[in-house]
Amino acid sequence: MILSAVAVAAFLVAISTLMLYLDGDSVDTSPDVADVIREPDIIMPTKSSRPGCEEDDTCYIPSIITVDRDYTVSWANQDAAFHSVTSGVYGNATDLFDSGHMEYNDTFTYKFEHAGSFLYHCTLHPWMNGTIIVTE
Ligand SMILES: [Cu+2]
């Protein structure tokens, strides 16, 4: 009787250990979960709506990043003001990507499928400029 109780207890410990292992494994390998919890690559910080952020390079943080081709870059607006992430330069936008007006806490993503150097800007604030460098 005691022996079977020990056997049952050992079995339960083995099962719960296995469940923990399987649980941890599924979290680590799921790309969907990884995408959801991923930090944004670039943020628009507080007060980037006022001129001056370009002087210490804090309009988009960071303003230049290098990524591999087919990487999906994410931006998050952490400022109370509207901002945009728009390809090209102020007054001369290209049609590659455009977030439209992003409010506080909005995020925008774009997958870069070609290598190159891509300038972008904010349509509301001419001093806000950034660059994505995409390598093969
Ligand atoms: Cu802006």
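As a convention, each chain's residues are numbered from 1 in the sequence order in which they are written. Local features in a predicted model are, by the rule used here, given only for residues with pLDDT of at least 70; side-chain atom pairs are given and counted only at 80 or more, and totals for whole chains, interfaces and linings are based on all residues.

1. Brief notes about the overall build of the protein chain
Point 1. Scanning the protein chain from terminus to terminus reveals two helices and eight strands.
Point 2. Put simply, the protein chain runs from its N terminus to its C terminus through helices and strands in the order α-α-β-β-β-β-β-β-β-β.
Point 3. Counting other C-beta atoms within 10 Å of each residue's C-beta, where C-beta atoms are placed from the backbone, gives the exposure class: buried for 20 or more, exposed for 12 or fewer, partly exposed between. Counting every position in the protein chain, which comprises 136 residues, the buried fraction comes to 18%.
Point 4. We call two residues in contact whenever the C-beta atoms placed from their backbones are within 7 Å. Excluding contacts between residues fewer than 6 apart, the proportion of contacts in the protein chain whose partners are at least 24 apart in sequence is 63%. By the criteria applied, helices consist of DSSP H or I runs no shorter than four residues and strands consist of E runs no shorter than two, each listed in order from the N terminus.

2. Description of the nonpolar core
Point 1. One nonpolar core equals one set of buried Ala, Val, Leu, Ile, Met, Phe, Trp, Tyr and Cys residues connected by C-beta atoms within 7 Å. Among the nonpolar cores identified, the biggest contains 14 residues, and C59, Y60, W75, V85, F108, M128 and I132 are the most heavily contacted of them.
Point 2. Contributions of two or more residues to this core are made by strand 3 (71-77) and strand 6 (107-112).
Point 3. The contacts of Y60, once residues within four sequence positions are left out, are I42, M44, M128 and G130.

3. As for the sheet that holds strand 7 (residues 116-121)
Two orientations exist for strands paired in a sheet by backbone hydrogen bonds: parallel and antiparallel.
Point 1. Pairing is mixed across the open sheet formed by five strands, whose spatial order is 2-8-7-4-5. Both outer strands of the open sheet, strand 2 (64-68) and strand 5 (92-98), are each paired with one neighbouring strand and no more. For this sheet the average axis-to-axis angle between neighbouring strands, irrespective of direction, equals 40°. DSSP-based pairing: two strands are paired if at least 2 bridges between them are found. The convention used is that axes are lines fitted to C-alpha atoms, helices contributing only their stretch in contact, and that angles between N-to-C directions extend from 0 to 180 degrees.

Honestly, it's all geometry; don't read function into it.
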